[in-house]
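Structural description and commentary
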Amino acid sequence: MSEDGPDRANWKAEPVAGPVDENVGWGSDVAAQMLRRLDIPWIALTPGASYRGLHDSLVNHLGNKRPEMLLCLHEEHAVAIAHGFAKATGRALAVALHSNVGLLHGSMAIFNAWADRAPMLILGATGPIDAAQRRPWIDWLHTTQDQGALIRHFTKWDDQPGSAAAAAVSIARAWKLANSPPRAPTYINLDAGWQEAPVEGGIDWPDPTRHAPASPARPDPALIGRAAAILARANAPVILFGRGARTGAMMDVRVALAERTGAAMLSDLKAGTMVPTDHRNHAGPPINKLSAPAGEVLRRADVILSLGWIDLGGALGQAFGKHEVGATVIHASDDAMLHRGWGQEHFALPPVDIEFQCAADAVAEDLLAVLPDTVKPAPALPPTPAPAAASGDGLTMRDVARALRSSIGETPVTFPALARSWPHDLWPQRHPLDYLGKDGGGGIGSGPGLAVGAALALAGSGRLVVATLGDGDTLMGITALWTAAKYRLPLLVIVGNNRSYFNDELHQESVARTRGRNPANAWVGQRLDDPPPDIAGLARAQGLDASGPVGEIGELERAVQEGVGAIREGRPYLIDVLIDPRQGRETAARRATKDS
Ligand SMILES: Cc1ncc(C[n+]2csc(CCOP(=O)(O)OP(=O)(O)O)c2C)c(N)n1
Ligand SMILES: [Mg+2]
């Protein structure tokens with residue numbers, strides 16, 4: 001980042017007419033100053049009068065630089081953009097949400113970020129807590145007692161400071177906590193009363209260098225010794241690669257760990273790329289639910305090492321059913337520090353023989369340091385089932401992947417999201433930024449915002465950002481794309497459009513079958529047609545270029561070429577591709593999935 005703000009090739013800044021007032025004169029100036037002192041590059045927001053003080057401070061006190069505002073059409077998008085940025089960079093952004101109503105709008109996206117353990121600093125606001133200061137009607141409506149309670153079950157910490165001086169400290173603490181492992185969103189509610197009051201006396205500014213995020217706890221060396229000895233002796237170890245840092249150095253450590261133990265590797269689509277999915281030790285494609293090869297390697301394993309696997313209990317349950325897990329289970333995760341009683345995103349309780357309650361990466365590093373420095377032969381792996389053959393002549397995601405590959409060539413691509421039936425065999429993940437994982441909380445409508453956040457993070461990096469999204473997910477969140485158009489962010493969105501909330505058609509089919517009823521009615525109340533939403537039109541209406549609906553291969557290839565050309569020039573682009581819904585059914589039948 002330069003002195004003037006973020007460096008982005010095509011970035012479209014909003015210039016502020018000077019002069020800016022550098023004096024910290026108002027309560028909200030203190031909150032804005034703290035964001036700058038913490039070196040936060042952007043604040044994603046949808047405005048509202050509860051923080052009109054802060055808004056003025058960002059513009060007329062900071063000159064809309066460091067942080068710079070990122071205007072969004074919906075609070076859910078502001079949060080999802082910060083979430084996508086955190087997924088790509090490992091770094092938090094700030095978000096500002098208006099009073100109770102903006103917070104209510106943003107809350108699903110906060111849940112997604114929480115469940116994905118993605119850090120962000122959310123600033124909320126409330127009408128004056130001091131009722132004597134409230135404007136009639138609206139300030140009363142937009143004042144809530146204990147506003148943080150709305151999202152307390154799915155944030156790491158929240159506060160409602162009583163003064164500007166207290167807000168400086170609260171913001172420093174919230175930033176530190178959000179960014180300390182295990183990371184998650186934090187929320188600070190700014191009272192309009194002190195935001196809009198003059199600052200009396202000096203502020204004791206917290207020194208960011210003395211409130212830096214904590215470094216991860218290190219594992220117990222004695223326990224590392226025991227685990228390493230068990231792994232070194234193992235005949236058929238398996239390593240489950242869940243959450244970890246998205247860096248080349250950590251990917252090398254993980255790969256070396258598998259090679260030195262001769263372990264079979266499994267990757268989780270929820271976590272994104274942690275190891276190369278076409279490595280000779282990798283069993284089958286990355287998974288959401290257990291695949292046949294994944295189940296087989298787990299059932300024959302004598303040692304199972306989970307490095308931050310998101311639902312270890314669920315994976316073992318799928319592999320072993322009611323049978324006892326005979327293998328020695330070693331589990332490394334700091335996630336339990338965030339486990340509470342409201343949500344169940346701690347998942348099923350796994351049987352564990354050696355547990356490290358610290359970040360999985362630290363355990364991987366320390367295990368590697370004590371394991372013998374020799375590579376063991378790769379394990380014999382079960383065959384990967386052949387991909388489902390396409391029936392009919394409708395387009396499939398395989399056609400999309402092939403067209404994309406032929407247009408993109410070898411330029412590295414980041415997928416912030418992957419739609420149903422993505423052909424992992426055609427597009428192995430080799431770099432930690434190749435695929436960023438799922439939305440965390442299973443709340444759809446998040447795909448477009450997550451994709452914009454990743455595009456923000458990676459613009460100018462040399463990587464092309466391509467999101468493949470479902471039509472339902474896209475339609476729920478499509479106005480997030482306006483932010484990409486407004487700030488000229490290069491992002492290619494390819495919609496796998498089966499004209500349906502198809503996931504739920506599968507559910508309806510299965511319920512009808514169980515009940516001996518007619519599964520052919522599964523489409524009723526699920527199909528997104530008659531009239532079919534004009535998704536490309538919705539993109540164009542927001543200032544993006546777009547193609548579609550695309551229904552045949554030549555059209556698809558031309559559209560992809562145009563879309564890839566646009567992002568190479570730094571512009572966002574959307575392609576609406578009509579995907580034969582039967583492909584989803586066939587893939588689902590093969591995997592026997594039961595998605596959210
Ligand atoms: C906010 C929210 N509403 C509803 C759901 C239930 N749901 C899960 S997947 C899905 C359909 C998604 O449709 P689309 O993005 O088109 O993907 P497809 O299943 O068609 O591949 C729905 C409605 C959800 N997960 N989140
Ligand atoms: Mg769909």
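The structure presented is a predicted model; accordingly, all values stated were derived computationally and were not measured.

Observations regarding the coordination of the magnesium ion (ligand 2)
Looking at the metal site, the magnesium ion (ligand 2) is ligated by Asp-471 (OD), Asn-498 (OD1) and Ser-500 (O), spaced 2.0 to 2.1 Å from it. Each donor residue of the magnesium ion (ligand 2) lies on one chain, and together they are spaced D-x26-N-x1-S. On the basis of relative accessibility, which here comes to 12%, the residue Asn-498 falls in the buried class. On the basis of relative accessibility, which here comes to 3%, the residue Ser-500 falls in the buried class.

Overview of the packing of helix α9 (residues 248-261) against helix α12 (residues 360-370)
Orientation of α9 relative to α12, taken along the N-to-C sense of each, is 50°, at an axis distance of 9 Å. One way to sum up the angle between α9 and α12 is to call them oblique. For the crossing formed where α9 meets α12, the hand is left-handed. Contact with α9, carried on its side by Met-250, Val-253, Arg-254, Ala-256, Leu-257 and Arg-260, involves Asp-361, Ala-364, Glu-365, Leu-367 and Leu-368 of α12 and no other residues of that element.

Quick notes on the packing of aromatic side chains
Inspection of the entire model under this criterion finds 8 aromatic pairs. Centre to centre, the rings of Phe-111 and Phe-154 are 5.8 Å apart; their planes meet at 85°, and the pair counts as edge-to-face. Of this pair, Phe-111 sits in helix α4 (residues 99-115) while Phe-154 is found in the loop between α5 (138-141) and β5 (157-159), placing the two residues 43 residues apart along the sequence. Accessibility expressed as a relative area gives 8% for Phe-154, which makes it buried. Taken together, the aromatic side chains of Trp-11, Trp-42, Phe-85 and Tyr-487 make up a single cluster linked through ring pairs. A cation sits over an aromatic face here: Arg-37 above Trp-205, 3.9 Å from the ring centre. Residue placement shows Arg-405 over the ring face of Trp-427; its charged tip is 3.9 Å from the ring centre.

Looking at the environment of Thr-261
Tracing the sequence through the fold places Thr-261 in helix α9. When its relative accessible area of 2% is taken as the criterion, Thr-261 is described as buried. The spatial distance from the C-alpha of Thr-261 to the C-alpha of Ile-230 is 10.0 Å, given a sequence separation of 31 residues. In terms of polar contacts, Thr-261 uses its side chain to reach the backbone carbonyl oxygen of Leu-257, at 2.7 Å.

Remarks on the layout of surface pockets
One number sums up the size of the second largest pocket: a volume of about 950 Å³. Gly-90, Arg-117, Arg-183, Gly-244 and Ala-245 are the residues nearest the centre of the second largest pocket, which is lined by 43 residues in total. For the lining of the second largest pocket, the secondary structure elements donating two or more residues are α3 (75-89), α6 (164-179) and α12. A class-by-class count of the residues in the lining of the second largest pocket yields 22 nonpolar, 7 polar and 14 charged.

What to know about the site of ligand 1
Arg-420, Gly-442, Asp-471, Gly-472 and Asn-503 are the nearest of the 17 residues found near ligand 1. A distance of 3.1 Å separates a nitrogen atom of ligand 1 from a polar backbone atom of Ile-444. Secondary structure elements with two or more residues in the shell around ligand 1: α15 (471-477) and α17 (502-514). Grouping the amino acids of the shell around ligand 1 by side-chain chemistry returns 5 nonpolar, 8 polar and 4 charged.

Considering empty space enclosed by the protein
Vacant regions in the atomic arrangement are exposed by a probe of water-molecule size rolled over the atoms. A complete count under the given rule lists 1 cavity of 30 Å³ or more for this structure. As a volume, the largest cavity reaches approximately 50 Å³. For the largest cavity, the full set of lining residues is Phe-241, Gly-242, Arg-243, Gly-244, Arg-254, Met-274, Leu-307, Ala-360, Asp-361 and Ala-364. Sorting elements by how many residues they give to the lining of the largest cavity places α12 first, with 3 residues. The residue makeup of the lining of the largest cavity, split by class, is 5 nonpolar, 2 polar and 3 charged.

Remarks on the pattern of salt bridges
A complete count under the given rule lists 22 salt bridges for this structure. Of the charged contacts, one joins Asp-139 and Arg-135 as a salt bridge, the two residues approaching to 3.1 Å between their closest N and O atoms. Note that Arg-463 and Asp-434 form a salt bridge whose closest N and O atoms lie 2.5 Å from each other. A residue pair is termed long-range when its members are at least 10 positions apart, and Arg-463 in the loop between α14 (447-458) and β13 (464-470) and Asp-434 in the loop between β12 (413-414) and α14 qualify at 29 residues. There is no split in this pair, since Arg-463 and Asp-434 are both buried. Connected via shared salt-bridge partners are Arg-117, Arg-243 and Asp-335.

The rules we used
- Residues numbered from 1 in each chain as written.
- Chains lettered and ligands numbered in written order.
- Predicted model: local features only at pLDDT ≥ 70, side-chain atom pairs only at ≥ 80, totals over all residues.
- Heavy atoms only, no water.
- Donors = N, O, S within 2.8 Å, 3.2 Å for Na, K, Ca; no water.
- Buried < 20%, exposed > 50% of the residue type's maximum accessible area, 1.4 Å probe, protein only.
- Axes fitted to C-alpha atoms, helices over the stretch in contact; angles between N-to-C directions.
- Helix = DSSP H or I, 4+ residues; strand = E, 2+ residues; numbered from the N terminus.
- Parallel < 35°, antiparallel > 145°, perpendicular 65-115°, else oblique.
- Left-handed = near helix turned anticlockwise from the far one by under 90°.
- Contact = heavy atoms within 4.5 Å.
- Phe/Tyr/Trp six-rings, centres within 6.5 Å; stacked < 30°, edge-to-face > 60°.
- Lys NZ or Arg CZ within 6 Å of the ring centre and 35° of its normal.
- Polar contact = N/O pair within 3.5 Å; in protein donor to acceptor, adjacent residues only side chain to side chain.
- 1 Å grid on protein atoms, 1.4 Å probe; cavity = no way out; pocket = protein on both sides within 12 Å on 5 of 7 lines; lining within 4 Å.
- Points joined across faces, edges and corners; volume = space filled by probe spheres on them.
- Nonpolar A, V, L, I, M, F, W, Y, C, P; charged D, E, K, R; others polar.
- Near = heavy atom within 4 Å.
- Salt bridge = Lys/Arg side-chain N within 4 Å of Asp/Glu carboxyl O.

Function-wise, these values are silent; they only describe arrangement.
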